[in-house]
Amino acid sequence: MSSLTYGQLVCAICHAELLQHPSEAAELTCAGCCQPYIVFAGRIPLILPDSVSYRVNTYWQYNKYLRETEATLAKLRQNSAQPWAAARAQYLREALTTNAVYIARIQQQLAASLPPELLLARPADKLRSLAYLSSFSYLKRDWCGLPEDEQELQTIIGAVRAGLPTTSQPGQALVLGAGTARVAAMLKDDFEQVYAIDLSLTMAWQYHNLAEQGAVRFYDIQSKNARSLAEQATEHWATANLVPNLAPDSLQYWVADVKQIPLPTNSVAAVVSVYFTDTVPLHEYLGEVKRVLRPGGVFINFGPLEYHFTDISAHLSAEEVRSVFESYGFRVVQEQEVTTSHLLRPASLAYKTYHNWFFSAVLTAEDEAASQTITDRAPRAAVSSLL
Ligand SMILES: C[S@@+](CC[C@H](N)C(=O)[O-])C[C@H]1O[C@@H](n2cnc3c(N)ncnc32)[C@H](O)[C@@H]1O
């Protein structure tokens, strides 16, 4: 066994070193608890405690997406005899098929990574949300260089950089729920090393595939609020050269859960959360963020509190989020509202803006010991103080 070359990647369960078998580059094993992990398609480490169920589940999600696409194509064919529907059928067929072929390729790789018998039946438990399944709209925002998207990205990166520590030793950074990773990639020269994690295989694939291929063709399909048929499905080329020197390994991007971050304790100087703080209940992962941040490290938040989960008991207000951070030993040092458009399509009948809450919070070394004891109680304490 030899040490691997994935920066500081460690076991998601016990945080021990991961080892790579010289002849099995696609497999990693924890030196502590022996948990195995795979490197999906030879390039995307899946650092999840149960990567088999995750892959089976994702395979069936893709299956659902592909069946739904087939059904839509069949309806378009059925309608195409009618005068209003012929152009529509022809136009959307190309867009739907292009994206479906793209997803089917990832699905094939998933199938190749699993024993066939595991894929015979759809898993009994509910499939995870399809919300970030295809991720083409993030690929468009991040990697197509369109003026409206570049403007949004420049505003985000400007705010994030304003929150970074001004030390001569930049250290390492972690980007949570990194999506298609343009923000993480833009930060790669601000740090010695940037790590990005996301729970969506498709998001991670979009980044790794683009970094390897250099360019990717796809359609952004948005059926709602379109002024014209052409607006419902726009063809795009994503290009990696929007970020100079982007190579597959210039940023370490792993599939991992923010609740079990595969990085050592006290290892990173900054944790960056862009449009993510409202994705997973804060109290479920802030302890992990605190574990990997070194004392004096900074947490940077940028985004609204739109909450993409249904449990309103964890839909904290900005005030409550701030007090949860304080109870975990952070001190909020900067705070501002920054307005951006989001995933903008200029010709749409709808226009979405966010008054993003930007803040940076420093993990104070002196509060470390005290906050450790209230870690588990902190979110409830913040809520009950309002009652
Ligand atoms: C609203 S998107 C934001 C993406 C990205 N930060 C950006 O702005 O481009 C939220 C992201 O969080 C990811 N995510 C959701 N739950 C997660 C979890 N438990 N751990 C890591 N990532 C997660 C989703 O897959 C999705 O890519």
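Treat the numbers as computed from the prediction; the structure is a model and nothing was measured.

### Some details on the overall build of the chain
Phase 1: Looking only at helices and strands, the chain has 11 helices and 14 strands in total.
Phase 2: What you see for the chain is a C-alpha radius of gyration of 22 Å, in line with the 21 Å of a compact globule of 387 residues.
Phase 3: Dimensions of the chain, computed from C-alpha atoms along their principal axes, come out at roughly 70 × 50 × 45 Å.
Phase 4: Contacts in the chain between residues far apart in sequence, at least 24 positions, make up 71% of those at least 6 positions apart.

### Thoughts on the pairing of strand 6 (residues 172–176)
Phase 1: Of all five residues in strand 6, five are buried, a share of seventy percent or more.
Phase 2: Residues Gln172, Leu174 and Leu176 line one face of strand 6 and the alternating positions Ala173 and Val175 line the opposite face, and both faces are buried.
Phase 3: In this sheet, strand 7 (residues 193–198) lies alongside strand 6 in parallel orientation, the contact comprising four bridges. Each residue of the ladder has a partner; that of Leu174, found in strand 7, is Tyr195.
Phase 4: Where strand 6 and strand 11 (residues 268–274) come together, four bridges link them in parallel fashion. Bridge pairing links Ala173 to Ala270 in strand 11.

### What about the domain arrangement of the chain?
By convention, interface size is frequently given as the accessible area that disappears when the constituent parts associate.
Phase 1: If you check the domain split of the chain, you get domain 1 (2–50) and domain 2 (135–384).
Phase 2: Placing the centre of domain 1 and that of domain 2 at their C-alpha centroids yields a distance of 24 Å.
Phase 3: Listed by partner, the interface residues are 15 residues for domain 1 and 17 residues for domain 2.
Phase 4: Residue composition of the side of domain 1 that touches domain 2, by class: 11 nonpolar, three polar and one charged.

### Regarding helix 4 (residues 147–163)
Helical periodicity: at 3.6 residues per turn, an α-helix aligns residues three or four positions apart in one direction.
Phase 1: Relative to the 24 Å expected for 17 residues at 1.5 Å per residue, helix 4 spans 25 Å between its end C-alpha atoms, a close match to the ideal helical length.
Phase 2: Turning to helix 4, its buried residues are Asp149, Ile156, Ala159, Val160 and Gly163. The buried residues of helix 4 occupy an angular sector of 100 degrees when projected down its axis, which confines them to one face. With respect to the buried face of helix 4, the exposed residues turned more than 90 degrees away are Pro147, Gln154, Gly158 and Arg161.
Phase 3: Of the surrounding secondary structure, the elements contacted by the buried residues of helix 4 are helix 3 (136–143), helix 5 (182–186), strand 11, strand 12 (293–302), strand 13 (330–341) and strand 14 (353–363).

### What about the environment of Cys30?
Phase 1: Among the structural elements, Cys30 can be located in strand 3 (residues 24–30).
Phase 2: A C-alpha to C-alpha distance of 18 Å links Cys30 and Ser267, two positions 237 residues apart in sequence.
Phase 3: For Cys30, the contacting residues outside a window of four places in its chain are Cys11, Cys14, Ala16, Leu18 and Gln35.

### Description of the nonpolar core
Phase 1: Membership of the largest hydrophobic core comes to 94 residues, with the highest contact counts inside it found for Val175, Ala184, Ala196 and Val272.
Phase 2: Element by element, the count of residues in this core is highest for helix 6 (residues 201–213), at seven residues.
Phase 3: Residues from two domains meet in this core; each of domain 1 (2–50) and domain 2 (135–384) gives at least three.
Phase 4: Those residues within four positions of Val272 in sequence are excluded, and the remaining contacts are Val160, Ala173, Val175, Leu176, Leu187 and Ile300.

### Observations concerning the packing of helix 1 (residues 51–79) against helix 2 (residues 86–112)
Phase 1: Between helix 1 and helix 2, whose axes approach to 10 Å, the crossing angle comes to 160 degrees. When the interaxial angle is binned, helix 1 and helix 2 end up roughly antiparallel. When the axes of helix 1 and helix 2 are compared, the crossing they make is left-handed. In this structure, helix 1 uses Arg55, Thr58, Tyr59, Tyr62, Tyr65, Leu66, Thr69, Thr72, Leu73, Leu76, Arg77 and Asn79 to contact helix 2, whose residues at the interface are Arg88, Ala89, Leu92, Arg93, Leu96, Ala100, Ile103, Ala104, Ile106, Gln107, Leu110 and Ala111.
Phase 2: Residues of the contact of helix 1 with helix 2, tallied by class, amount to 15 nonpolar, five polar and four charged.

### Here we look at helix 6
Phase 1: The end-to-end C-alpha separation of helix 6 is 17 Å, in line with the 18 Å expected for 13 residues at 1.5 Å each.
Phase 2: Among the 13 residues of helix 6, 11 are classified as buried, and the element is accordingly described as predominantly covered.
Phase 3: Taken as a whole, helix 6 has its buried residues at Leu201, Thr202, Met203, Ala204, Trp205, Gln206, Tyr207, His208, Asn209, Leu210 and Ala211.
Phase 4: Following helix 6 by one or two positions, Gly214 adopts a phi angle in the positive range, close to 90 degrees.

Calculation criteria
- Residues numbered from 1 in each chain as written.
- Predicted model: local features only at pLDDT ≥ 70, side-chain atom pairs only at ≥ 80, totals over all residues.
- Helix = DSSP H or I, 4+ residues; strand = E, 2+ residues; numbered from the N terminus.
- Rg over C-alpha atoms; globule rule 2.2 N^0.38 Å.
- Contact = placed C-beta atoms within 7 Å.
- Buried ≥ 20, exposed ≤ 12 C-beta atoms within 10 Å, placed from the backbone.
- Pairing = 2+ DSSP bridges.
- Domains from an automatic or database assignment.
- Nonpolar A, V, L, I, M, F, W, Y, C, P; charged D, E, K, R; others polar.
- Expected span 1.5 Å × (residues − 1).
- Arc of directions from axis to C-beta.
- Core = buried A, V, L, I, M, F, W, Y, C linked by C-beta atoms within 7 Å.
- Axes fitted to C-alpha atoms, helices over the stretch in contact; angles between N-to-C directions.
- Parallel < 35°, antiparallel > 145°, perpendicular 65-115°, else oblique.
- Left-handed = near helix turned anticlockwise from the far one by under 90°.

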